[in-house]
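The chain contents come next:
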2 protein chains.
Amino acid sequence: MELKEIGEFGLIELIKNKIAVKDKRVIVNIGDDAAILKSSANKVLIFTTDSLMEKVHFDLKYSSFEDAGWKSMAANLSDIAAVGGIPVAGLVSLGIPEKTKAENILKLYSGIKKLSSEFNCPIVGGDLFTSAGGLVITISLLGEVEKKLYKTRAGAKTGDLIYVTGDLGGSEFGLKYLKRCSGKRRMVITRSVITEKHLTPYPRIKEARFLVKNLKLTSMIDISDGLSSDLYHICEGSQKGALIYADKIPINSNIIKGCKLLNLSPLNTALSSGEEYELLFTLNPEEEKKLEKVSHGKFRVSMIGEIREEKAGVRIKSKDGRVRVLKKTGYIHF
Amino acid sequence: MELKEIGEFGLIELIKNKIAVKDKRVIVNIGDDAAILKSSANKVLIFTTDSLMEKVHFDLKYSSFEDAGWKSMAANLSDIAAVGGIPVAGLVSLGIPEKTKAENILKLYSGIKKLSSEFNCPIVGGDLFTSAGGLVITISLLGEVEKKLYKTRAGAKTGDLIYVTGDLGGSEFGLKYLKRCSGKRRMVITRSVITEKHLTPYPRIKEARFLVKNLKLTSMIDISDGLSSDLYHICEGSQKGALIYADKIPINSNIIKGCKLLNLSPLNTALSSGEEYELLFTLNPEEEKKLEKVSHGKFRVSMIGEIREEKAGVRIKSKDGRVRVLKKTGYIHF
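Residues numbered from 1 in each chain as written. Chains lettered and ligands numbered in written order. Predicted model: local features only at pLDDT ≥ 70, side-chain atom pairs only at ≥ 80, totals over all residues.

### Remarks on the sheet that holds strand β8 (residues 217-222) of chain B
Residues and elements named next belong to chain B. With mixed pairing, the 7 strands of this open sheet are ordered in space as β8-β10-β7-β11-β9-β12-β13. Taken across any chain shown, the strands that pair with only one partner, and hence form the sheet edges, are β8 and β13 (323-325). Adjacent strand axes in the sheet meet at a mean angle of 25°, parallel and antiparallel pairs treated alike. Sitting on the sheet, helix α2 (residues 65-82) touches β8 and β10 (279-283), and the angle it makes with β8 is about 170°. Contacting β8, β9 (241-245), β10 and β12 (314-317), helix α7 (residues 227-238) crosses the sheet at an angle of about 140° to β8. (Pairing = 2+ DSSP bridges. Helix = DSSP H or I, 4+ residues; strand = E, 2+ residues; numbered from the N terminus. Axes fitted to C-alpha atoms, helices over the stretch in contact; angles between N-to-C directions. Contact = placed C-beta atoms within 7 Å.)

Spelled out as structure tokens, the structure:
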């Protein structure tokens with residue numbers, strides 16, 4: 001159905017019916033000027049926003065509307081994970097090109113809803129407008145965290161070990177794979193192992209909560225700009241240097257195979273791949289054993305290096321023992 | 001300076017220096033994955049977002065970058081006012097076309113900062129991205145309000161009086177005036193009495209706080225879609241009808257003169273003009289005297305009609321005594 005047929009307020013009704021949920025913390029839900037929510041005693045608030053724009057962050061040639069909604073929500077939830085928090089509620093501001101079908105907008109909200117349901121983060125309001133460019137999705141989230149548990153980029157100490165959850169490279173590889181294939185033939189499988197990290201990344205909320213509750217992390221960030229850039233963010237925030245080991249960076253074997261097929265370096269892909277939404281964190285080496293013990297079998301973490309003095313810079317050691325300055329790679333907007 | 005010369009992270013630094021302020025409630029400020037804030041005991045949270053897009057909500061032919069920033073902030077603060085709340089903090093997500101000059105982005109933040117300073121609403125984070133369309137400004141605000149004082153669109157009772165703050169019509173008239181003039185000659189004065197409501201509207205935070213603290217309002221909304229549409233929002237939210245009096249709708253005398261020059265109906269302009277950011281509220285008639293007494297000299301309010309039973313519909317009475325159904329006019333996105 002064309003948007004013009006149902007109109008702005010008609011579309012708002014459809015969206016409300018689709019995503020409004022009852023939640024004991026929501027006092028005033030979607031449909032008023034602002035949402036009204038209860039806050040928790042003994043917790044501090046987390047407030048974050050992230051936008052995705054068509055042709056810049058995603059392309060409807062190979063992302064579905066549902067994927068685009070999912071990814072917008074994932075990017076924002078990942079920022080809540082990065083500080084060790086719990087999501088509370090979200091707002092969606094959506095710029096819609098004139099000729100978009102209403103069904104597609106509802107699919108976009110389906111993608112948002114899947115993650116908002118999974119992480120108990122109801123969408124409590126937002127804004128719709130005609131976009132003079134492509135689709136623009138801005139989500140803002142409110143979260144909360146115990147005052148003693150939140151983490152920032154600052155706080156890493158010399159000698160701390162550097163860890164990363166999951167494996168890296170899949171987002172950038174998936175995008176390159178989709179770009180090359182979409183030109184040649186219609187994609188049949190888009191949700192394969194090698195494209196899902198790009199299309200529907202998974203935010204590490206549960207892993208982050210587990211980590212901050214069980215271990216004394218000294219800093220944490222989510223990998224949204226790329227491992228190299230985000231490691232620099234931790235080092236700059238903590239006024240430290242770092243040494244990481246190339247052969248310890250976790251890369252999925254399918255991504256390694258795929259990179260070889262496309263003539264890409266798996267290591268460089270893993271270092272520069274943004275929108276991974278894995279967690280990068282630092283830990284006092286005394287906590288290493290405890291991490292192994294408590295996280296055993298729950299989720300994958302890899303130790304990839306250690307924090308050094310600031311003057312040592314940020315470096316990477318190759319398998320052959322050579323040490324070089326780590327280049328800040330990854331997507332930069334301008 | 002071109003954005004490419006200073007880069008994404010360079011621009012973030014400039015913005016941080018420009019707008020980051022110390023605030024006792026802000027625990028983690030701009031520059032981390034998410035902002036962290038203290039919440040107040042005995043208050044509930046307000047959460048709202050609103051986007052402005054170039055060529056849709058404003059045109060850089062006659063709005064300056066500073067105006068665009070100001071207006072984005074005003075639109076969001078007005079939603080906090082609409083529920084009777086106090087702003088706490090904001091996030092700015094900004095989509096920037098590639099060739100924009102860094103200086104202009106800083107001017108946009110100057111506009112945001114003027115209002116954020118005036119209303120103690122520090123900007124604590126955000127997101128920057130390349131826009132494939134025009135400039136896109138999405139602001140999200142966190143606010144708070146005493147649980148007993150917040151207002152919604154629902155709650156108006158039959159017999160309640162309908163009030164509006166300030167005067168109406170200036171936003172739509174200003175836009176029409178700017179559109180007609182900008183084609184003919186370069187605007188010399190853009191901040192005149194007749195264009196300021198369109199370019200730099202003023203959110204009624206202080207007035208709203210005064211009203212909710214001193215009087216028993218039954219419902220409230222801000223006029224962002226237009227008096228007629230927003231009155232319908234109150235009536236639909238409260239399941240009521242209404243009768244308003246054409247000759248009681250406050251219109252600035254300069255706007256009346258301007259409308260005559262441009263051959264526009266002042267009444268229709270006042271009924272359909274959105275982005276006015278005045279408050280529309282309802283009050284038990286027993287509170288009328290008290291309103292006159294306590295608001296005397298503080299700010300202007302006009303009684304424009306009364307709430308009726310739902311079956312009576314939403315109607316307007318002309319000066320000559322004729323009553324007709326009120327048309328929902330104003331800007332609709334699709």
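### Some words on the nonpolar core
If you look at the biggest cluster of nonpolar residues, it comprises 184 residues, and the most contacted ones within it are Phe47(A) and Phe47(B). Leaving out residues up to four positions away in the same chain, Phe47(A) has contacts with Leu142(A), Ala34(B), Ala35(B), Leu37(B), Ala89(B), Leu91(B), Val124(B), Gly125(B) and Leu142(B). Counting 8 residues, the second-largest nonpolar core is a separate cluster that includes Phe173(A), Leu175(A), Leu178(A) and Ile255(A). (Core = buried A, V, L, I, M, F, W, Y, C linked by C-beta atoms within 7 Å. Buried ≥ 20, exposed ≤ 12 C-beta atoms within 10 Å, placed from the backbone.)

### Quick notes on the interface of chain A and chain B
The interface is formed by 59 residues belonging to chain A together with 59 residues belonging to chain B. Broken down by element, the residue count for the side of chain A that touches chain B peaks at 9 residues, all from strand β3 (residues 43-53) of chain A. Tallied by class, residues from the side of chain A that touches chain B come to 29 nonpolar, 17 polar and 13 charged. Examined bridge by bridge, β3(A) and strand β2 (residues 35-37) of chain B share 3 bridges and lie antiparallel to one another. Looking at the pairing, Ile46(A) lines up with Ile36(B) of β2(B). (Nonpolar A, V, L, I, M, F, W, Y, C, P; charged D, E, K, R; others polar.)

### Quick notes on the pairing of β8(B)
Working note: regular strand, side chains alternate between the two faces of the sheet. Residue and element names in this part refer to chain B. Burial analysis of β8 places 6 of its 6 residues in the buried class, which makes it a mostly covered element. Pairing geometry for β8 and β10, over 5 bridges, is antiparallel. For Ser-219, the partnering residue across the bridge sits in β10 and is Thr-282.

### Some remarks on the confidence of the model for chain A
All names here are of chain A. Residue-level pLDDT values for chain A average 93, and 97% of them are 70 or greater. Predicted confidence for residues 186-190 stays below pLDDT 50, and this span has 7 contacts to residues more than four positions away or in other chains. Interface confidence for the predicted complex, given as ipTM, is 0.93, next to a pTM of 0.94. (pLDDT = per-residue confidence, 0-100.)

### Thoughts on the environment of Thr152(B)
Counting through the fold element by element, Thr152(B) comes out in the loop between β6 (136-146) and β7 (161-165). For Thr152(B), a count of 22 C-beta atoms within 10 Å gives the class buried. Through-space distance from the C-alpha of Thr152(B) to that of Asn29(B) is 31 Å; in sequence the pair is 123 residues apart. The contact partners of Thr152(B), leaving out residues within four places of it in the chain, are Val28(A), Asp32(A), Val83(B), Ser219(B) and Gly237(B).

### Observations concerning the relation of the copies chain A and chain B
When chain A is fitted to chain B, the best match, at an RMSD of 0.0 Å, comes from turning it 180° and sliding it 0.0 Å along the axis. Taken together, the rotation angle and the small translation identify this as a two-fold axis. When C-alpha distances to the rotation axis are compared across chain A, the minimum falls at Gly133(A), with a value of 1.9 Å. Both copies contact each other with a shared surface, as 100% of the interface residues of chain A are interface residues in chain B too. (Least-squares fit on C-alpha atoms with pLDDT ≥ 70 in both.)

### Examining the environment of Ile86(A)
Residues and elements named next belong to chain A. On the secondary structure map, Ile-86 appears in strand β4 (residues 86-97). Between the C-alpha atoms of Ile-86 and Lys-114, which are 28 residues apart in sequence, the distance is 17 Å. Among residues more than four places away in sequence, those in contact with Ile-86 are Gly-143, Glu-144, Val-145 and Arg-209.

### What about unusual backbone geometry?
Despite not being glycine, Tyr277(A) has its phi angle at roughly 60°, a positive value. Take Tyr277(A): it is sitting in the loop between α9 (266-272) and β10 (279-283). Residue classification places Tyr277(A) among the buried positions, given that 24 C-beta atoms sit within 10 Å. In this model, Glu275(B) sits at a positive phi of 50°, which is unusual for a non-glycine residue. Exposure remark for Glu275(B): the 26 C-beta atoms within 10 Å place this residue in the buried category.

### Regarding the packing of helix α2 (residues 65-82) of chain A against helix α3 (residues 102-118) of chain A
All names here are of chain A. The geometry of α2 relative to α3 is characterised by a closest axis approach of 7 Å and an angle of 35° between their N-to-C directions. With respect to the hand of their crossing, α2 and α3 are arranged in right-handed fashion. Within the contact between the two elements, α2 uses Phe-65, Glu-66, Asp-67, Ala-68, Gly-69, Trp-70, Ser-72, Met-73, Ala-74 and Leu-77 and α3 uses Asn-104, Lys-107, Leu-108, Tyr-109, Ser-110, Gly-111, Ile-112, Lys-114, Leu-115 and Ser-116. Counted by class, the contact of α2 with α3 contains 10 nonpolar, 6 polar and 4 charged residues. (Left-handed = near helix turned anticlockwise from the far one by under 90°.)

### Considering the domain arrangement of chain A
All names here are of chain A. The assigned domain composition of chain A is domain 1 (3-146) and domain 2 (161-325). Here domain 1 and domain 2 have C-alpha centroids that lie 27 Å from each other. Taken together, the 18 residues of domain 1 in the interface contact 20 residues of domain 2. Of all the elements in the fold, those that place two or more residues in the side of domain 1 that touches domain 2 are α2 and β4. Element by element, the count of residues in the side of domain 1 that touches domain 2 is highest for α2, at 11 residues. For the side of domain 1 that touches domain 2, a count of residues per class yields 11 nonpolar, 3 polar and 4 charged. (Domains from an automatic or database assignment.)

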